[in-house]
Every structure is written in structure tokens, then in C-alpha cells.
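# Survey of secondary and tertiary structure
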Amino acid sequence: MTTWSFILGLPLVALGLAAVLATDRTSKALVAFPRCEPLGWALCAIGWFGTAYECDKIGIDIFDKFLKVFPGEVWLLAIVLTVLTCWWMANLLPIRGLCAIFMLFPAELFPAVRMCDTEWRLALVVFAYVCAIIGMVGMFYPWRIRQALAWCASSGVRVKAFGGILLSIGALFCAIGAFA
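The structure contained in this document is the topic of the report that follows. (Residues numbered from 1 in each chain as written. Predicted model: local features only at pLDDT ≥ 70, side-chain atom pairs only at ≥ 80, totals over all residues. Heavy atoms only, no water.)

Along its length, the protein carries nine helices and zero strands. With 180 residues in all, the protein has 36% of them scored as buried. At a minimum sequence separation of 6, the contacts of the protein that also span at least 24 residues come to 78%. Of the accessible surface of the protein, which amounts to about 10700 Å², a share of 74% is contributed by carbon and sulfur atoms. In the protein, 13 side chains carry a positive charge and 10 a negative one; their mean positions are 14 Å apart. (Helix = DSSP H or I, 4+ residues; strand = E, 2+ residues; numbered from the N terminus. Buried < 20%, exposed > 50% of the residue type's maximum accessible area, 1.4 Å probe, protein only. Contact = heavy atoms within 4.5 Å. Areas by Shrake-Rupley, 256 points an atom, 1.4 Å probe, with all protein chains shown as cover. Lys, Arg positive; Asp, Glu negative; His and termini not counted. Charge placed at Lys NZ, Arg CZ, Asp CG, Glu CD.)

With that settled, consider the side chain of Glu73. Take Glu73: it is sitting in helix H5 (residues 73-88). Taking the relative accessible area as the measure of exposure, Glu73 reaches 11% and is therefore buried. Apart from residues lying up to four places away in sequence, Glu73 is in contact with Phe66, Leu67 and Lys68.

Nonpolar side chains in soluble globular proteins tend to be buried together. Residues Leu8, Phe105, Leu109, Val113, Leu124, Phe127 and Phe173 are the most contacted members of the largest nonpolar core, which totals 15 residues. Sorting the residues of this core by element identifies helix H1 (2-21), helix H6 (93-113), helix H7 (121-140) and helix H9 (156-179) as the ones contributing at least two each. A per-element tally of this core places H7 first, with five residues. Residues contacting Phe173, with those up to four places away along its chain left out, are Ser5, Leu8, Gly9, Leu12, Ala123, Leu124 and Phe127. Judged by nonpolar contacts, the second largest core, of 11 residues, contains Ala19, Leu92, Cys99 and Val159. (Core = buried A, V, L, I, M, F, W, Y, C linked by side-chain atoms within 4.5 Å.)

Attention now goes to the packing of aromatic side chains. This structure, assessed with the given rule, holds five aromatic pairs. Summarising the aromatic geometry, the rings of Tyr141 and Trp143 are spaced 5.7 Å apart at their centres and angled 90 degrees between planes, so their arrangement reads as edge-to-face. A residue is classified by how much of its surface remains accessible, and Trp143, at 37% relative accessible area, is partly exposed. (Phe/Tyr/Trp six-rings, centres within 6.5 Å; stacked < 30°, edge-to-face > 60°.)

Not every positive phi belongs to a glycine, and Leu92 is a case in point at roughly 60 degrees. With respect to the element layout, Leu92 can be found in the loop between H5 and H6. On the accessibility criterion, Leu92 (3% relative accessible area) is buried.

Turning our eyes to something else, we now look at the environment of Arg114. Looking at where Arg114 falls in the secondary structure, it is placed in the loop between H6 and H7. Residue class for Arg114 comes out exposed when judged on its relative accessible area of 54%. Each C-alpha atom, one on Arg114 and one on Met1, is 8.9 Å from the other, the two residues being 113 residues apart in sequence.

This is the structure in C-alpha cells:
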């Protein structure tokens, strides 16, 4: 649980501090994020390789008949699907890639925190569920996420408020990790 608390908490603290301390630069970054091609390729690759990892690990018989015909097939498919997705779905690709990660990481988090003795594990679980829901919405409606980012970026007060929320959640997760 300590590891996951810091894995989630430290980036949230960093993003929150950036939003609070460098509001103008954060606003510009929020507006530029949905169209950042190199970031889209990287996030898309992480998403597809995370999917390959889960498909390789989970072991569902019906999928295994198709995805494990030869050794390494899921990893080869991840490479091919990354390239095809980046070519054919380049519009708002960073949002889709980030949403894929949002949908994937709970699969690793839940087993890790399930047996922890503290009720504070539920903070991580609720956060993971919220991320998974945002990931599902953003995967099918990435323009809505882009609109939300643009709306947030249009006001310095909104950026600071959003940054304060992220900073608070990140600090809570880091505290949970330190005291778990």
C-alpha cells in the first residue's frame, strides 16, 4: 500500500504544485496537452503495453485461444496496435492514452491494497474507481475531456482550485504511504 500511495501521491503533488505556483504555464499546458503528438504516442504505447500485460497475465481461456497462439503474440499485437492507433486515431491521442492508463492501473492497485489492515486503503480504491470512470468516459468522448481542460484553463482561479484539490489528494496519499 505504501508503494501505491506514493505512486499516486507524488505525481498529484507535483501537478498540484505546478498549478498553484505556475498557473499561467499550467493553463497553457492544459490547453496544449490534447494535441501533443509525442506525448500521445508515449501514452498510447503505455496503454497498449499495459493492456498486453493484463491480457498475458489474467488468463481467460476464451481470450487465450486467440491471444496466445504463439509465444509473445500479445506483445507483438501491442506494437502493431500502438502504431495503428497513433496513425489512425491521432486526434486527441494523448487524452485517449491517459484514459487507457486510468482504466488499467486499478487492476494492479486493487490486489495490492485489498488485504491492508487500514481503512485508509479505501481512499486509494475510491480514487482508482474515479480514474477508471474518467478513463471510460474519456476513451469514448475525448473531446469532452478536452473541453473540460480548456474550461479549467480559461480561468486562473479554476487552475489554482484544481491544483489545490490535486495537491490535497496527493498530500493525503503521501501521508497514507508514510504512515501505512
